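# Remarks on the overall topology
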Amino acid sequence: MDNTKAIISVKNLVKTYGDFTAVKGISFDVYEHEIFGLLGPNGAGKTTMLEIIETLREKTSGEILVDGFSVDKQANEIKQIIGVQLQAAGYYPNLNLLELMELFSGLYGVDVKPMDMLEKVNLQDKAKAKYKALSGGQKQRFSIATTLINSPKIIFLDEPTTGLDPQARRNLWDLIIDIRKNGTTVVLTTHYMDEAEQLCDRVAFVEHGAIIALDTPDQLIDNLVNSGFERKKEVKKANLEDVFINLTGKEWREG
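Numbers given for residues are sequential positions, taken from 1 along each chain in its written order. Whole-chain, interface and lining totals are the exception, using all residues; otherwise, since this is a predicted model, local features are given only for residues with pLDDT of at least 70 and side-chain atom pairs are given and counted only at 80 or more. Note that water and hydrogens are dropped before the side-chain values are worked out from all heavy atoms of the structure.

## What about the overall build of the protein chain?
Put simply, the rule reads: Secondary structure elements follow DSSP: runs of H or I no shorter than four residues count as helices, runs of E no shorter than two count as strands, and numbering proceeds from the N terminus. Values of the radius of gyration come from C-alpha atoms, whereas the globule rule sets the reference at 2.2 Å times the count of residues to the power 0.38. When a residue's accessible area, from a 1.4 Å probe over protein chains only, is under 20% of the maximum for its type it is buried; when over 50% it is exposed; and in between it is partly exposed. Residue contacts follow a heavy-atom distance rule, with two residues in contact if any of their heavy atoms lie within 4.5 Å. All accessibility values rest on the Shrake-Rupley procedure with a 1.4 Å probe; residue burial counts only the protein chains present in the view. In this charge count, Lys and Arg are treated as positive and Asp and Glu as negative; neither His nor the chain ends contribute. Note on charges: their place is set at NZ of Lys, CZ of Arg, CG of Asp or CD of Glu.
Across its full length, the protein chain holds nine helices and ten strands. Here the C-alpha radius of gyration of the protein chain, 19 Å, is about what a compact globule of 255 residues would show, namely 18 Å. Considering only C-alpha atoms, the protein chain reaches an extent of 55 × 50 × 40 Å along its principal axes. By the burial criterion, 45% of the 255 residues in the protein chain qualify as buried. Sequence-distant contacts, at least 24 apart, represent 67% of the contacts inside the protein chain between residues at least 6 apart. Taken as a whole, the protein chain presents about 13,600 Å² of accessible surface, with 49% of it coming from carbon and sulfur. Computing the positive centroid from 30 side-chain charges and the negative centroid from 37, the protein chain places the two 3 Å apart.

## A look at the packing of aromatic side chains
Rules: Centres within 6.5 Å are what make two rings of Phe, Tyr or Trp a pair, Trp counting through its six-membered ring; a difference in plane orientation under 30 degrees is then read as stacked, over 60 as edge-to-face, and the rest as tilted. Charge-over-ring contacts are defined here by two conditions on Lys NZ or Arg CZ: a distance within 6 Å of the ring centre and an angle within 35 degrees of the ring normal.
Enumeration over the complete set of coordinates arrives at three aromatic pairs. Consider the rings of F104 and F142, whose centres lie 6.3 Å apart with planes at 40°: the pair is tilted. Remark: F142 occurs in helix α5 (residues 136-147) and F104 occurs in helix α3 (residues 97-108); sequence separation between them is 38 residues. For F142, a relative accessible area of 1% translates into the label buried. Cluster of aromatic residues (ring-pair linked, three or more members): F104, Y131 and F142. When the ring centre of Y192 is taken as reference, the NZ or CZ atom of R169 above it lies at 4.9 Å. A cation over an aromatic ring shows up here: R202 above the ring of Y31, its NZ or CZ 3.9 Å from the ring centre.

## Examining the sheet that holds strand β3 (residues 35-39)
Which entries qualify depends on this criterion: Should DSSP find at least two bridges between two strands, the strands are regarded as paired. Axis definition: a line fitted to C-alpha atoms, limited for helices to the stretch in contact. Angles are taken between N-to-C directions and run from 0 to 180 degrees.
Spatially, the six strands line up as an open sheet ordered β6-β7-β8-β3-β9-β10, and their pairing is mixed. Pairing within the sheet leaves two strands with one partner each, and these edge strands are β6 (82-84) and β10 (210-215). Between one strand and the next, the sheet's axes are offset by a mean angle of 20°, whatever the strand orientation. Two strands pair when backbone bridges link them, and strand β9 (residues 202-207) and β10 are joined in this way by five bridges, in the antiparallel orientation. In the strand pairing of β10, F205 is matched with A213.

## Points about the pairing of strand β1 (residues 6-17)
Here nine bridges tie β1 to strand β2 (residues 20-31), and the two strands are oriented antiparallel to one another. Paired with V14 across the bridge in β2 is K24. Two successive antiparallel strands, β1 and β2, enclose a turn made up of two residues, where G18 displays a positive phi of approximately 60°. The pairing of β1 with strand β4 (residues 61-66) spans five bridges and is classified as antiparallel. The residue bridging I8 from the neighbouring strand is V66, located in β4.

This is how it looks when you write it as structure tokens:
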């Protein structure tokens, strides 16, 4: 990365629940304009870490700065420059997408053109459709549109492609890359390692509340190979998902 200005700086972050320590003194930086991945099994502490950075959950100790603002003293300033996926769409199943966009922009206190927001995620044709009528991929794209309402400097995406078919997943990758091209820093969690390898500039592996590795995907793979690791199966130039996309196309699909 040429630009290594830290837009998120986490130092010695600890979160305890009674006797249980969910996050164990974690430190890391996220650089401006990068796609940063948090990887690890369920229960590793990823979501807890994200919610603390997003000012949605209290930390036990440590220091976090988001674009220079402290989560302790300047939570309101942080909320204005970050985008977090809104899950509220599920509570308003009978509103159409334009109505939901108006509702969410009111929650954020910003004046946006709902149609412009839907165009950013290729949902303009679904403006009058009710949220509950959308496919899984469309719901996820709408969810990402809600993160962009306040023109944030950073967006947080928690497992954005879980449950999607290969086309919808690849389309979402393209969308995430476009968002970064427009100058937004992206922090995401995923269980799909091919997704992290494709999208992320750097990744942190989290296990039992600690970061056990942090580097570029290339460097982490090279380190493993250099340690003498060999895959059991011959590596080919394409995988089965590439075959699927090649055979069935990559256009946006409805339904």
